[in-house]
Structure formats: structure tokens, C-alpha cells
There are 2 protein chains.
Amino acid sequence: MADAPSRASQRVAIPAGRFDDAPFIRACRRQSVPHVPVWFMRQAGRSLPEYRAARGPGSILDAIAQPDLVAELTLQPVDRYGTDAAIFFSDIVVPVAAVGFGVDVTPGTGPVVAQPFRSRDDLRRLRPLEPEIDTPYVVEAVSQLAATLDVPLIGFAGGPFTVASYLIEGGPSKNFTKVKSLMHSDPKLWADLMGVLTTMAVTSLRSQLDAGASAIQVFDSWAGILAPQYYESMVLPFTKRLVAEVETSHPGTPTILFGVGTGELLPLMATAGTSVVGIDWRVPLDEARLRVGPDRAIQGNLDPALCLAGWDVAAEATREVLARAGRAPGHIFNLGHGVLPETDPGILEQVVELVHAEGRAGVEETIQEERP
Amino acid sequence: MADAPSRASQRVAIPAGRFDDAPFIRACRRQSVPHVPVWFMRQAGRSLPEYRAARGPGSILDAIAQPDLVAELTLQPVDRYGTDAAIFFSDIVVPVAAVGFGVDVTPGTGPVVAQPFRSRDDLRRLRPLEPEIDTPYVVEAVSQLAATLDVPLIGFAGGPFTVASYLIEGGPSKNFTKVKSLMHSDPKLWADLMGVLTTMAVTSLRSQLDAGASAIQVFDSWAGILAPQYYESMVLPFTKRLVAEVETSHPGTPTILFGVGTGELLPLMATAGTSVVGIDWRVPLDEARLRVGPDRAIQGNLDPALCLAGWDVAAEATREVLARAGRAPGHIFNLGHGVLPETDPGILEQVVELVHAEGRAGVEETIQEERP
């Protein structure tokens, strides 16, 4: 099986580097851009009426298993907003659900695990992911999108820590007591679980890249609940391996690492090896640049809550983000977390227009200034 | 009414400065201490079986209105753990509830507001607090405690931002969209609301200090959801006024300012004027010292979740907190947030013992080192 050409590679013929000139890819590589590229985390989703119409009331895991629907949902925000990248419509628990761990995604709650991870025996419930067999719909939908899109497609995986937190807590958590207990009281089991989840994330990301994704983002959304010394010793090594293995199989692929509440972790996250570090809304981007250092691009960080406060507020906050990012290359505009479901899509349309216009003005000025 | 001597001052005769030699008060003032003082946020509460037995199933606001019960609940953790301070058993919404805004505290949820704050008209629902009339049970319970306790009693108030967030959101919030919308879209109304809540907090704190509290803590628990530039312009000025007014009426009173997720805000919080800045578990205390500067004591910051991971884990984490705090004066040991309800009180007993023992060893070594 492993030696057979993948169905994705039989199906499509996307030239590698097809989007090397796209502003999003160039910004990931800290190259000059004609305008500041922009996309939104959760841009495909409940804030869009066309999403609600297409999705219907079923489980999100059912929707994710329908490639035509996934392709449609992924394209919707690109068509509406004119974003510089598409984010694949899926969920970070898809791989663990696909190997049969027993995960569902409940509307309004999030991932719910019937039998949470408790002991070494539960490792057996996490067999290796075989994308062509376990998640053929992912491969199929990415292939369809790669053949259709005129902007780069971002594939993604959950960070091993964040996926582990769902498996151990049994669902979304406020205080993360069970995952912290396990990682501190049984470091060997923790390392084994993280190892399995890291390998699964790599396998999933490789299948998305093989099928035509142009970049990947690792959503380690909840890593920010850890103090930095514990993130460094118990999470970061796995993130480093994940990034290194993607780089080995798909050299030069732009990679993004993101979590919320990670102000204290940014200097560490910058060492994980990704091209880009995503910044939540709490850390002004000028400060974020200092923490991340000169070798990574940054992505962010408009407070999604401010998109609900009317256009004047959102516009001012958008301009502030652009100003704090400065005019150096290597900024991808995004929200500081996902689009909130109650967001007016009209506001996001205006944000994209503003970023493209103001970002372009900034870039042109920089070019002027750089001329002798 | 305002000119009449308060019932509290008629009732008790606690000499000012009675606890000036107590380790907690000395640490707040960055004076040398015989051991590192320790108390726990939410030390009185559901983690204690004697609390559950005394409290019964009624509303917490009903319990708070019974001075004898409040005194008992406040004393319980001091008796059990041997903490260096008592924290008054109450709730940050007591003043707004007492003036009739319509707030209840639902078990498992938190404060719930029947008619949230929406417009200027709602300011009328926030008349000035008259402690002797609106919250006589607070004055009475503090007086009882001041006459009984052999450690300092910490009075408290909610930070105006955090109280405002409950009034506007209508309850606990995940994304704080309504409060952010209001503060950005109607800054004048925001300032007026914050002004009213600041005055109310000052009035409540003064009544607690008049009745015999020895120190105060401002719980601006949710301030960390704001980016620093907005905290600085729209919250900090009110916190500064609050602290200044307490200092004017009760000069020299140790004051503490605390919130969670405030890593980015610490340098600003250090300018609010409090004696102490509380640190959540995400910022190692050596880093926190740098952000807070040399003129404030620090309080914290054991991750409360680690108290659920067995004694070995809690002990190691406790030692790490002490080590990162260093041996300079001005450290009050605490958790990085409140005690979790499922905490084994036996673990907290051991934490107190360890802090007192190790903290003392550290202090003695420092004294040795300081000798010529």
C-alpha cells in the first residue's frame, strides 16, 4: 500500500510551486508582496448564510466526509471575500475519529469523546492513519480544490497537544486538569501518546500536500494554557518533529503554527521550525515580531470580537494591526482567533478590501523608500 | 448618613497596623519575612467538605448575606491550612446585586444578569452603594472576623472591567463580544459605566477596611482578554483611580491587583499603584518580576490544575514557583487562579507546609549570605 502511487497523485497533476508567486506564499517566505495577503481562520463556517444553506443540520463529521460539499464550503469564503488563501474545511479531530477512537463533534459544544483516553491500553485505540483508506474524502476534496482554486489551499492538522487534550478531557475543557495531570504524572505515557498523535498529524498533512495543498497550518489552539517551561519540555519537541517531517517529505512547503493565549510561548514556538507563527489578538504585532525573531513570518491578529462592533471599530482596529505589523515583509493578515459565528460577513468583506488597499499603499511606500 | 460614625467603627476597635508584623503584610510591602507567606484564591469554597456541610444547597448570595456563616466559611481554610491570610468570603457581584441591578449567582455557571446593561438608561439601575444599608452583612461579617482572626483579613472587590463584563454580557462569557463592542463603539458610555463601578468598588472596599480588613485585592479576573493598548486606555485609568482613592482614605493599606491571562498587561498593571501584582500560572515568576519591576511585590503562581495531579507533581511545581520567585522580598505564594472545586484539601495543606518550610530555608540562607 505504502509503495503504490496515491490516488491523489494519479488523479491530479498540480505542478509543485504553482502558487510560488501568490502573495500568501510569498509572505510566508518573507518575500516582498504586491499587497498584504489576508485570510481568516474559520472563514468557512456558520457566519456565512451560504454555508448554513449548504450544510444543513447534520453532524459536521458527516459533512466533512462529502468531498463535493467540502469543496463547496471551502470555496465559499474565497469567492465572497476574495481572500488570498483557502483553508480546507475539516476538523482537527478527523484523523482520530477516522481510526475509530470514538469522537463526535456536537454543535455548540465541539469534539466529544465517548471513552476518553485514560491509560496505556487506550494507545491501542489509536492505530496508524491510512489516508487513502481512513480519510479518502479528505484526499478527494483536496484534489478537487487544488484543481479548481486560483489561490493556495492551506491544509491543516491539530497540534498533538490540542488533540490530546480533547482525547483526555473527553471534550472541550475549561481548566485542562486531566491532560495536565496525565502529562505531569505519567510523562512516559504522555510522550507515547504525543508520539502517536504527531505521526498521525504528519500522515494527514502529507496526504493533503500530496493531493495538492500548497501550505499547512498546525492548530495547537490550546497550547497557551501551559506554562512555557512545560510547553518546552513536553509539547515543543513533538511539534519540532512534526514540522521537520513535513519539511523532509515536502521541502519548502510554507508552514504555520498557531495557538491562542500563547504570548509567553512565542519565543519557543518560533523555534518549532515553521515558516510562520500565528499570533492571537492579545500580543501587538510589533511586540510579537520581537518575540518571534526575524526568521519567521507572523500571521494575525485582529480581535474577532471587534468584527462585531460595527465597521468603524473594525476598520480602526484593522489599521492598527497593519501599523503594528510594520512594512517589513512576512505579515499575513488574519484574525487573532477564528471568525465568530455571529459575525456579519459584510464586515469581513470590508476588512479584506481595507487590508488589500492599505497594505498595498504601505508596500508601495516601502518600495519608494528603498529606491536610492 | 455620610457624617455619622459607621456601625463598624462603633462595633469594633481594631488598632490600625495590628498586623504590620504579619508575614503577609510585610511581604506586600517587600519587607523581609520569616517565611514566604501563602494563601489561596478561593481557599474558602467547594473544595472543603466543611464548606459544603456548612453552606448547604442555597444560593451563594443568600449565604453571603448571613454574617455568622460568612465568618465561619472565611475561617475554615485558615484553620485547616494555616494560611497567612484570610480572604473574605463574598462575591464580586455583591455590590451591584445589592443596589438592585438584578444579578444572581447560579451554581456551576456564575453571575447571571436578568436584564443586561445595554444603554445609557441602564446607568440609572446603578445607584451609589451605601454599605451600611445595602450590604450591612458585609460590614458585620468583616467586623466579626477582624475581632477573631489572628492573621490579616483580605477584603476585595471586582475590578470595574470584570464587573462591567458580567453586566453587559449578562453572565460568564467566552468571547466577550458585547463588552468589547460597547467599549469600542460608545467610549463615553463605557467611561461613565466604568466610573460608576469604580466608585462602587471604592465604597465597598472602604467599608471593608473600616470594618477591620487589613488589605484588599482587586479581582480584575477577565482583563486579560483585552489587548494591552485597549486595557491601557479604557481600563487602567479607572483601576488607578480606584487604588488612589483607597490609598487616600486608608493610607498604607496593602493592595493587590490580579487577573488571569495578563502576561501582556503586567507592565501596565504594575503602574496601577497597588502594592502587589498577582500573576497567573502562565508567566514564570522570574519573568513576572522583570515585567512588574522592582517597586511591586508579586503574588502567585502555582497552576491550580497541578494540585489535581498528585502530591509529587504539586510538590515539584511548588518548588519551581519558589525557585523562580527567587529569594528577594516581596513574594506572596498563591495559586495562579482560584482553587478548583475538585481539589483534595490534603494537597493544599501539604503545599502550605512546603512553602513555609522551603520558603523559610530560603530566607535563612539569604540572611546568611547577607552577613559580611
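See the structure above.
Residues numbered from 1 in each chain as written. Chains lettered and ligands numbered in written order. Predicted model: local features only at pLDDT ≥ 70, side-chain atom pairs only at ≥ 80, totals over all residues. Heavy atoms only, no water.

Enquirer: What am I meant to see in the overall build of chain A here?
Expert: Helix and strand counts for chain A stand at 17 helices and nine strands. Principal-axis analysis of the C-alpha atoms gives chain A an extent of 65 × 45 × 40 Å. A total of 372 residues make up chain A; the buried ones form 62% of that total. Sequence-distant contacts in chain A: of pairs separated by 6 or more residues, those separated by 24 or more amount to 73%. Approximately 14,000 Å² of chain A is accessible, and the part contributed by carbon and sulfur atoms is 52%. (Helix = DSSP H or I, 4+ residues; strand = E, 2+ residues; numbered from the N terminus. Buried < 20%, exposed > 50% of the residue type's maximum accessible area, 1.4 Å probe, protein only. Contact = heavy atoms within 4.5 Å. Areas by Shrake-Rupley, 256 points an atom, 1.4 Å probe, with all protein chains shown as cover.)

Enquirer: I tried to follow the relation of the copies chain A and chain B on my own but got confused; where do I start?
Expert: What connects the two chain copies is a rotation about an axis and a shift along it. Aligned on chain B, chain A shows an RMSD of 0.0 Å; the corresponding rotation is 180° and the shift along the axis is 0.0 Å. Taken together, the turn and the small shift mark the pair as related by a two-fold rotation axis. Most of the interface of chain A is mirrored in chain B, where 100% of its interface residues are also at the interface. (Least-squares fit on C-alpha atoms with pLDDT ≥ 70 in both.)

Enquirer: Can you walk me through the interface of chain A and chain B in this structure?
Expert: Interface size, as often reported, equals the accessible area lost upon joining of the parts. Counting residues at the interface gives 31 residues for chain A and 31 residues for chain B. Carbon and sulfur atoms make up 55% of the area that chain A and chain B hide from each other, which totals about 2,500 Å². Viewed at the interface, chain B and chain A are joined by four salt bridges. Our enumeration of links across chain A and chain B arrives at twelve residue pairs in polar contact (both at pLDDT 80 or more). Where the side of chain A that touches chain B is concerned, the elements lending two or more residues are helix H10 (177–185), helix H12 (228–234), helix H15 (285–292) and helix H16 (311–325) of chain A. Of all the elements, H10 of chain A adds the most residues to the side of chain A that touches chain B, at five residues. Across the side of chain A that touches chain B, the residue classes break down as 14 nonpolar, eight polar and nine charged. (Buried area = accessible area lost by both parts, 1.4 Å probe. Salt bridge = Lys/Arg side-chain N within 4 Å of Asp/Glu carboxyl O. Polar contact = N/O pair within 3.5 Å; in protein donor to acceptor, adjacent residues only side chain to side chain. Nonpolar A, V, L, I, M, F, W, Y, C, P; charged D, E, K, R; others polar.)

Enquirer: Quick question: what am I supposed to make of the packing of helix H10 (residues 177–185) of chain B against helix H11 (residues 187–210) of chain B here?
Expert: Between two packed helices, the angle of one axis relative to the other and the distance separating the axes together describe the packing. All names here are of chain B. Packing of H10 against H11 leaves a shortest axis separation of 5 Å and a crossing angle of 110°. As the angle between them shows, H10 and H11 are arranged roughly perpendicular. Taking contact as the criterion, the partners of Val179, Leu182, Met183, His184 and Ser185 in H10 are, on H11, Pro187, Leu189 and Trp190. Considering only residue class, the contact of H10 with H11 consists of six nonpolar, two polar and no charged. (Axes fitted to C-alpha atoms, helices over the stretch in contact; angles between N-to-C directions. Parallel < 35°, antiparallel > 145°, perpendicular 65-115°, else oblique.)

Enquirer: When you look at the pattern of salt bridges in this model, what are you seeing that I'm missing?
Expert: Where charged atoms from two side chains of opposite charge approach closely, those side chains can pair. All names here are of chain A. Under the defined criterion, the tally for this structure stands at 32 salt bridges over all chains. When the shortest N-O distance is used, the salt bridge between Asp134 and Arg127 registers 2.8 Å. We classify Asp134 as buried; its relative accessible area is 10%. Residue classification places Arg127 among the partly exposed residues on the basis of a relative accessible area of 35%. It is possible to trace a salt-bridge network through shared partners that takes in Glu50, Arg80 and Glu349.

Enquirer: When you look at the sheet that holds strand S1 (residues 86–87) of chain B in this model, what are you seeing that I'm missing?
Expert: Whenever strands of a sheet pair, they do so through backbone hydrogen bonds, lying parallel or antiparallel. Residue and element names in this part refer to chain B. Across the sheet, which stays open at both edges, the seven strands sit in the order S1-S4-S5-S6-S7-S8-S9 with parallel pairing between neighbours. Looking along the sheet, the strands with just one partner apiece sit at the ends: S1 and strand S9 (331–335). When strand S4 (residues 153–158) meets strand S5 (residues 215–219), the two strands line up parallel, connected through five bridges. From the neighbouring strand, Gly158 faces S5, where its bridge partner is Phe219. (Pairing = 2+ DSSP bridges.)

Enquirer: Can you walk me through the environment of Arg282 of chain B in this structure?
Expert: Looking at the secondary structure, you find Arg282 of chain B in the loop between strand S7 (276–278) and helix H15 (285–292). It is 16 Å that separates the C-alpha atoms of Arg282 of chain B and Met269 of chain B, two residues lying 13 residues apart in sequence. For Arg282 of chain B, the contacting residues outside a window of four places in its chain are Gly224, Ile225, Ala227, Pro228 and Glu264 of chain A together with Gly261 of chain B. Within polar-contact distance, the side chain of Arg282 of chain B engages the backbone oxygen of Gly224 of chain A at 2.9 Å. At 2.6 Å, the side chain of Arg282 of chain B and the side chain of Asp280 of chain B are in polar contact.

Enquirer: Any chance you could explain helix H5 (residues 67–81) of chain B here in plain terms?
Expert: Since the α-helix packs 3.6 residues into each turn, any two residues three or four apart lie on the same face. Residues and elements named next belong to chain B. Compared with the 21 Å implied by 1.5 Å per residue over 15 residues, the 22 Å span of H5 between its first and last C-alpha is a close match. At Leu75, H5 shows its largest kink, close to 25°, and the proline Pro77 lies no more than four residues downstream. Extensive coverage of H5 is indicated by the burial of eleven of its 15 residues. In the segment just after H5, Gly82 is the residue with positive phi, at about 70°. (Expected span 1.5 Å × (residues − 1). Bend = angle between axes of the 7 residues up to and from the residue.)

Enquirer: Would you take a moment to explain the environment of Phe156 of chain B for this structure?
Expert: Residues and elements named next belong to chain B. Topologically, Phe156 is positioned in strand S4. It is 12 Å that separates the C-alpha atoms of Phe156 and Leu242, two residues lying 86 residues apart in sequence. Look past the residues within four positions of Phe156 in its chain and what remains in contact with it is Ile87, Phe88, Ser90, Asp91, Ile92, Leu205, Gln208, Gln217 and Phe219.

Enquirer: Just checking my understanding: could you explain the sheet that holds strand S9 (residues 331–335) of chain A for this structure?
Expert: Residues and elements named next belong to chain A. With parallel pairing, seven strands are arranged side by side in an open sheet as S1-S4-S5-S6-S7-S8-S9. For this open sheet the edge positions go to strand S1 (86–87) and S9, each flanked by a neighbour on one side alone. Note: S1 against strand S4 (residues 153–158), two bridges, orientation parallel. When the sheet's bridge partners are listed, Ala86 is paired in S4 with Leu153.

Enquirer: Help me understand the side chain of His184 of chain A, please; the structure alone is not making it clear to me.
Expert: Mapped onto the secondary structure, His184 of chain A falls in helix H10. Those residues in contact with His184 of chain A, other than ones at most four positions away along the chain, are Tyr230 and Met234 of chain A together with Leu306 and Val313 of chain B.

Enquirer: For this particular structure, what's the right way to read unusual backbone geometry?
Expert: Outside of glycine, negative phi angles account for most residues, and trans bonds account for most peptide bonds. For the bond running from Gly300 of chain A to Asn301 of chain A, omega is -10°, close enough to zero to count as cis. By the secondary structure assignment, Asn301 of chain A is in strand S8 (residues 297–302). Even without glycine at this site, Arg42 of chain A takes up a positive phi of about 60°. Relative to the assigned elements, Arg42 of chain A resides in the loop between helix H2 (23–28) and helix H3 (49–55). Despite not being glycine, Arg30 of chain B shows a phi value in the positive range, around 60°. Considering the arrangement of structural elements, one finds Arg30 of chain B in the loop between helix H2 (23–28) and helix H3 (49–55).

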